[in-house]
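So the chains spell out like this:
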Amino acid sequence: MSSPMCDSDYKYVATAEVESFVERCMIAVGTDPHHSNALAQVLREADYRGHVSHGLNRLEIYVRDIKNGMMQGQGEPSIEKETGSTALVNGNNLLGPVVGNFCMDLAIKKAKEHGIGWVVCKGSNHFGIAGWYSSKALQHGIIGMCMTNTSPVVVPTRAAQPSIGTNPLAVAAPAKAGDSFQLDMATSATALGKVEMSRRKEIEIPLGWGVNSKGKVTVNPQDVLHGGGGLLPLGGQEITGGHKGYGLAMMVDVFCGILSGSSFGPTMRKWKGDNERVADLGHCFVAVNPQMFADGFEDRMQCLLDQYRNLQPAEGESAVLVAGDPERTHMRRVEGEGGIRYHVNLLRAMDELADTLGVAHLPTM
């Protein structure tokens, strides 16, 4: 592993250029331009919010799956069952963001009309950050929630091998003057993409993120990614509450895999190396209209946020944060610096991808 990183290890890219680069890469492999734009927005937003594991770091998998026919770049999702407040959607093996946008918009529409919208889908693919979809509800004054199951890369409590996904969930609730609660989390100790980013940067991972093939905690990202190991559930090992993260991951699969009729559990497609079957991921999207419940939701939500932000910080800490504050800080930083900060190794990989596809490189500053 390398020594600590310095500023020379990074370069800046304008946010608009990130979006444009993703679009031209996806169009080059035959993806519908509108679908390419949907993906570009989600990947750009991930890096803009500071979730660098799910931004440009993920582009290669979308290109790969379109090229090898494991994912479709043309078409639209379809509704298989529907009531006033619920729907079952078939993603028809399209790009995850295309499916996710369709489903979340449908859930919001139902919440406006009936107070709640609950939409699940099957036949989908990796859709980027879950928080993209839950936060879409905020502009309508609605509470949004999103979950998805994923490939089995997490080692369940007391198990010997990876058998469940990182299965993230996200919740967004509106407060006053554009403020909000925005939770976006994996049910594993960390996102797999953060381990991938550590490998790209040639640095160690924190102790407690993952284990090797013998179930021993490791700091080597290769042990987790290619050495037969896997991630730990949220909470880590059983003695520190890892069984709770494992339980949350299974809960997500109940609402995403079992309820939708998609793939689920240990039998889902492997994250890498399984090029013989489609992903068939299941997602769940929920929208709740606060106006159907007690008056003054946004006022009380703001009060709750302020109560925690105004707590006395622990020694050595400058402030107590609530979910969404780190992302807001990162976005302000991006605006101040005029672009998104990327590690040179990731940018080098993007140049290689561009050369393979015959498109213009991602311009840096």
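The structure displayed is predicted, hence computed values, not measured ones.

Undergrad: Before we move on, can you summarise the overall build of the protein with the specific residues and values?
TA: Scanning the protein from N- to C-terminus turns up 11 helices and 12 strands. Here the C-alpha atoms of the protein give a radius of gyration of 20 Å, agreeing with the 21 Å that 2.2 N^0.38 yields for 365 residues. The principal-axis extent of the C-alpha atoms belonging to the protein is close to 55 × 55 × 45 Å. Residue burial in the protein is summarised as follows: out of 365 residues, 53% are buried. Counting only contacts in the protein whose residues sit at least 6 apart along the sequence, the fraction spanning at least 24 positions is 67%. A total accessible area of about 16,300 Å² is found for the protein, and carbon and sulfur atoms account for 54% of it.

Undergrad: Help me get a handle on the sheet that holds strand β8 (residues 210-211), residues and values and all.
TA: Read across the sheet, 3 strands follow the order β9-β8-β10 without closing on themselves; strand pairing throughout is antiparallel. Since the sheet does not close on itself, it has two edges, and those belong to β9 (217-218) and β10 (230-231), each with one partner. By the bridge criterion, 2 bridges tie β8 to β9 in an arrangement that is antiparallel. Pairing of G210 across the sheet is with T218, part of β9.

Undergrad: Outline the sheet that holds strand β2 (residues 78-82), supporting the account with residue identities and numerical values.
TA: The strand order across the open sheet formed by 7 strands is β2-β3-β4-β11-β5-β6-β7, and the pairing between neighbours is mixed. With partners counted over all chains shown, the strands left at the sheet margins are β2 and β7 (180-185), one partner each. Strand-to-strand twist of the sheet, defined as the mean angle between neighbouring strand axes without regard to direction, takes the value 15°. With 7 bridges connecting them, strand β4 (residues 116-124) and strand β11 (residues 281-288) associate as antiparallel partners. Its bridge partner being in β11, G117 is matched across the sheet by A287. Lying over the sheet, helix α9 (residues 297-309) contacts β5 (143-148), β6 (169-174) and β7, oriented at roughly 110° with respect to β6.

Undergrad: Give me the lowdown on the pattern of salt bridges, citing residues and values where you can.
TA: Any two side chains of opposite charge can pair, on the condition that their charged atoms come close. The full count for this structure, using the stated rule, is 19 salt bridges. Between R269 and D65 there is a salt bridge; the shortest N-O distance is 3.0 Å. Note that R269 is positioned in the loop between α8 (242-258) and β11 and D65 in helix α3 (residues 59-67), a separation of 204 residues in sequence. Residue R269 is classed as buried on the basis of its relative accessible area of 8%. The exposure class of D65 is buried, given its relative accessible area of 5%. For D299, the salt bridge goes to K176, with nearest N and O atoms at 3.3 Å. With D299 in helix α9 and K176 in the loop between β6 and β7, this pair connects stretches of sequence that are 123 residues apart. By relative accessible area, D299 is classed as partly exposed at 47%.

Undergrad: So, unusual backbone geometry: which residues are in play, and what are the values?
TA: Here the phi dihedral of R158 falls at roughly 75°; this positive angle occurs in a residue that is not glycine. The backbone of E202 sits at a positive phi, close to 60°, despite the residue not being glycine. Its place among the elements puts E202 in the loop between α6 (192-201) and β8. For E202, a relative accessible area of 48% gives the class partly exposed.

Undergrad: Could you give an account of the packing of helix α1 (residues 15-28) against α3, with specific residues and numbers?
TA: Between α1 and α3, whose axes approach to 10 Å, the crossing angle comes to 15°. The pairing of α1 with α3 is recorded here as roughly parallel in orientation. In the packing of α1 onto α3, the handedness of the crossing is right-handed. Here α1 contributes F21, V22, C25 and M26 to the contact with α3, which in turn contributes L59, Y62, V63 and I66. Taken together, the residues of the contact of α1 with α3 sort by class into 8 nonpolar, no polar and no charged.

About the cut-offs
- Residues numbered from 1 in each chain as written.
- Predicted model: local features only at pLDDT ≥ 70, side-chain atom pairs only at ≥ 80, totals over all residues.
- Heavy atoms only, no water.
- Helix = DSSP H or I, 4+ residues; strand = E, 2+ residues; numbered from the N terminus.
- Rg over C-alpha atoms; globule rule 2.2 N^0.38 Å.
- Buried < 20%, exposed > 50% of the residue type's maximum accessible area, 1.4 Å probe, protein only.
- Contact = heavy atoms within 4.5 Å.
- Areas by Shrake-Rupley, 256 points an atom, 1.4 Å probe, with all protein chains shown as cover.
- Pairing = 2+ DSSP bridges.
- Axes fitted to C-alpha atoms, helices over the stretch in contact; angles between N-to-C directions.
- Salt bridge = Lys/Arg side-chain N within 4 Å of Asp/Glu carboxyl O.
- Parallel < 35°, antiparallel > 145°, perpendicular 65-115°, else oblique.
- Left-handed = near helix turned anticlockwise from the far one by under 90°.
- Nonpolar A, V, L, I, M, F, W, Y, C, P; charged D, E, K, R; others polar.

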